[in-house]
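So you can see what is in the structure, the chains are spelled out below.
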Amino acid sequence: MGLSSYSGSPIPDAVGSLLVGCMLGGVASFIIYTNVAALVGRSIRQENLDRINAELESDIMIRAIHDVKGIDMGNSLVRYKAEMDFDGRELTRVYLDKQDLNILLEEVKTFQTIDELEAFLLKHGENIVDLMGGEIDRIEMKLRKKFPEIRHCDLEIL
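This report concerns the structure included in the present document. Just so it is clear, the model here is predicted, and its values are computed rather than measured.

### Here's the deal with the packing of aromatic side chains
Then, number 1: Applying the stated rule across the entire model yields one aromatic pair.
Then, number 2: Relative to Phe-120, the ring of Phe-111 lies with its centre 5.4 Å away and its plane at 65°, an arrangement referred to as edge-to-face.

### So, the pattern of salt bridges
Side chains that differ in sign of charge can pair as their charged atoms come close.
Then, number 1: All chains considered together, the criterion is met by 13 salt bridges.
Then, number 2: Between Lys-142 and Asp-59 there is a salt bridge, with its nearest N and O atoms 3.0 Å apart. A residue pair is termed long-range when its members are at least 10 positions apart, and Lys-142 in helix H6 (residues 114-146) and Asp-59 in the loop between helix H3 (46-57) and strand E2 (62-74) qualify at 83 residues.
Then, number 3: A relative accessible area of 5% places Asp-59 in the buried class.
Then, number 4: A salt bridge links Lys-69 to Asp-67; the shortest N-O distance between them is 2.7 Å.
Then, number 5: Among the charged side chains, a network of salt bridges with common partners joins Glu-55, Asp-59, Glu-135, Arg-138, Lys-142 and Lys-146.

### Here's the deal with the sheet that holds E2
Then, number 1: The strand order E1-E2-E3-E4 describes an open sheet built from four strands, whose pairing is mixed. Both edges of this open sheet fall to strand E1 (42-43) and strand E4 (150-157), since each of them pairs with a single strand only.
Then, number 2: In this structure, E2 lies alongside strand E3 (residues 77-86), joined through nine bridges in antiparallel fashion. Note that in E3 the partner of Ile-62 across the bridge is Phe-86.
Then, number 3: Sitting on the sheet, H3 is in contact with E2, E3 and E4, with an inclination near 145° to E2.

### Looking at the packing of helix H4 (residues 88-97) against H6
Then, number 1: It is the contact of H4 with H6, at a shortest axis distance of 10 Å, that shows an interaxial angle of 105°. What the angle tells us is that H4 and H6 run roughly perpendicular. Residues Leu-91, Thr-92, Val-94 and Tyr-95 of H4 pack against His-124, Asn-127, Ile-128, Leu-131, Met-132 and Glu-135 of H6.
Then, number 2: Looking at the contact of H4 with H6 residue by residue, the classes come out as six nonpolar, three polar and one charged.

Rules used throughout
Residues numbered from 1 in each chain as written. Predicted model: local features only at pLDDT ≥ 70, side-chain atom pairs only at ≥ 80, totals over all residues. Heavy atoms only, no water. Phe/Tyr/Trp six-rings, centres within 6.5 Å; stacked < 30°, edge-to-face > 60°. Salt bridge = Lys/Arg side-chain N within 4 Å of Asp/Glu carboxyl O. Helix = DSSP H or I, 4+ residues; strand = E, 2+ residues; numbered from the N terminus. Buried < 20%, exposed > 50% of the residue type's maximum accessible area, 1.4 Å probe, protein only. Pairing = 2+ DSSP bridges. Contact = heavy atoms within 4.5 Å. Axes fitted to C-alpha atoms, helices over the stretch in contact; angles between N-to-C directions. Parallel < 35°, antiparallel > 145°, perpendicular 65-115°, else oblique. Nonpolar A, V, L, I, M, F, W, Y, C, P; charged D, E, K, R; others polar.

The structure is reproduced here in structure tokens:
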């Protein structure tokens, strides 16, 4: 700007503006190039993903896992997502282990109507669903404890 003012020509100011614009564009390109993996997200190494999957599949409540994604969020942080096929029999066994089956049997023997049976099944069905939520939380905590790099764990039921 000083040269333009001194010489009375707008060319030095225009050339200076172009140089500043090129420098800013170069810095922006460098930042994008060095951070594209953090911006887009890249998969974690297959060995790490296999270890996490093996730990998840070893849990007695899980029959199978599907649609697994492990994304490196940078700074050694991982986002892990999987859809799980829960074993309903194991879940029900855990629930029944917490119940006195003799009391449940006596209660069932007293039913006179379908409505009483339905109310009984609805009550215990709701309790089993609550137990499933607790089991998912337990499994997520187990994964985070064994793999501290997992910061976000998203386990979904099929």
